[in-house]
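Single-letter residue listing:
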Amino acid sequence: MKIQFLGHSCFLLEDSNVKILIDPFLTGNSLATTTADNVVADYIFVTHGHGDHIGDTISIAKRTDATVYAVVEIADEILAPEDIKTGRGNIGGKQKTDFGSVKYFPASHGSGVNGALACGYVLEVGGKKIYHAGDTGLIAEMQFLKDEKIDIAMLPIGDFYTMGPEDAVKAAGLISPKCVIPMHYNTFPVIKQNPEDFKNAVEDAGICDVRILSPGESLII
Ligand code: NI
Ligand code: MN
């Protein structure tokens, strides 16, 4: 399976069967290396309604006919009125999908939509388990992910709006994945971080590998 980082919190997961896009914020992202007109997707996962996460979801879904997963309020109030196919769910719920499964995981963050909760996702795809944390602070619930045996955890390290590097090291320790990919840093001045410092802290603590991806860069797992 190929994991491509498209900048900020946006990833494209791709194997021979499926293309999954998460938090497609491309328009207005000066670090993005592709555009909303070019990106492909069978499924889109939206962690919450802030503009740097829901981003180009509506235009990409309309062009590609992708099914968009979000919590029920975002699916019903933002996506369904645009005649987009939606997958609906809520925190703690696991659903079987054509490609594997999705579990809505807690995140501690605003959602940008009245009554909605921000979330992260645990995806089973291509025989791998991927956790995308969305925007969140460090939360104790992350300890429960240890039992999920996560292959790749995408964690925000930007600070200011989410966990910073120090708390993200603690999150990595709670989750104990095979590998962490840092995200949600350097897109804006207030979330400027050196990801090498985070990588060194996680790896020096013996927690797991950290793979830093530049926007556009891919990892094969
Ligand atoms: Ni946010
Ligand atoms: Mn954000």
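Up top you'll find the structure we're talking about.
Just so it is clear, the structure is predicted and the values come from calculations on it, not from any experiment.

Novice: Could you give an account of the coordination of the nickel ion (ligand 1), naming the residues involved and the relevant values?
Specialist: The protein atoms that coordinate the nickel ion (ligand 1) are His48 (NE2), His50 (ND1), His109 (NE2) and Asp135 (OD), at distances of 2.2 to 2.3 Å. Coordination geometry of the nickel ion (ligand 1): the four donor atoms subtend angles of 88 to 177 degrees at the metal centre, consistent with an arrangement described as irregular. All donors to the nickel ion (ligand 1) come from one chain, and their sequence spacing reads H-x1-H-x58-H-x25-D. The manganese ion (ligand 2) is placed at 3.3 Å from the nickel ion (ligand 1), the two being bridged by aspartate 135. Of the two residues, histidine 50 is situated in the loop between strand E4 (43-45) and helix H1 (51-54) and aspartate 135 in the loop between strand E10 (128-132) and strand E11 (152-156); the sequence distance between them amounts to 85 residues.

Novice: I'd like to hear about the nonpolar core, residue by residue, with values.
Specialist: Grouped together as the largest cluster of nonpolar side chains are 73 residues, with contacts concentrated most on Leu13, Ile20, Phe45, Leu123, Tyr131 and Leu155. Residues within four places of isoleucine 20 in sequence aside, it is in contact with Phe11, Leu12, Leu13, Tyr43, Phe45, Phe99, Leu123 and Val125.

Novice: Which residues make up the coordination of the manganese ion (ligand 2), and what values do they have?
Specialist: Taken together, Asp52 (OD), His53 (NE2), Asp135 (OD) and His184 (NE2) make up the protein donors of the manganese ion (ligand 2), found 2.2 Å from the metal. Read in sequence order, the donor residues coordinating the manganese ion (ligand 2) give the pattern D-H-x81-D-x48-H. Take aspartate 52: its relative accessible area is 15%, and that puts it in the buried class. Here histidine 184 falls in the buried class, since its relative accessible area comes to 1%.

Novice: Give me the lowdown on the sheet that holds E10, citing residues and values where you can.
Specialist: Spatially, E7-E8-E9-E10-E11-E12-E13 is the arrangement adopted by the seven strands of the open sheet, whose pairing is mixed. Only two strands of the sheet have a single neighbouring strand rather than two, namely strand E7 (94-96) and strand E13 (209-210). Inspection of the sheet shows strand E9 (residues 119-125) paired to E10 by five bridges, in the antiparallel sense. Of the residues in E10, the one forming a bridge with leucine 123 is isoleucine 130. Strands in contact with helix H4 (residues 165-175) are E10, E11 and strand E12 (179-183); relative to E11, the strand with the most contacts, it is inclined by about 155 degrees.

What counts and how
- Throughout this description, residue numbers start from 1 for each chain and increase along the sequence as written.
- The naming scheme follows written order: chains are lettered A onward, ligands numbered 1 onward.
- Where totals are concerned, whole chains, interfaces and linings use all residues; where local detail is concerned, this predicted model gives features only for residues with pLDDT of at least 70, and gives and counts side-chain atom pairs only at 80 or more.
- Hydrogen atoms and water are omitted, and side-chain values are computed over all heavy atoms in the structure.
- Metal coordination here is assigned from N, O and S atoms located within 2.8 Å of the ion, or within 3.2 Å for Na, K and Ca; omission of water means that sites may look incomplete.
- Any coordination sphere not matching a tetrahedral pattern (four donors, all angles between 85 and 135 degrees) or a square planar or octahedral pattern (four or six donors, opposite donors over 155 degrees apart, other angles between 65 and 115) is reported as irregular.
- Labels follow the DSSP assignment, with helices taken as runs of H or I lasting at least four residues and strands as runs of E lasting at least two, numbered in each case from the N terminus.
- Among buried residues, those of type Ala, Val, Leu, Ile, Met, Phe, Trp, Tyr and Cys that are joined through side-chain atoms within 4.5 Å constitute a nonpolar core.
- Only protein chains enter the accessibility calculation, which uses a 1.4 Å probe. A residue is then buried if its area is under 20% of the maximum for its type, exposed if over 50%, and partly exposed in between.
- Contacts are assigned to residue pairs that have any heavy atoms within 4.5 Å of one another.
- Pairing between two strands requires that DSSP report at least two bridges joining them.
- A fitted line through C-alpha atoms represents every axis, and for helices the fit uses only the stretch in contact; the resulting angles, taken between N-to-C directions, go from 0 to 180 degrees.

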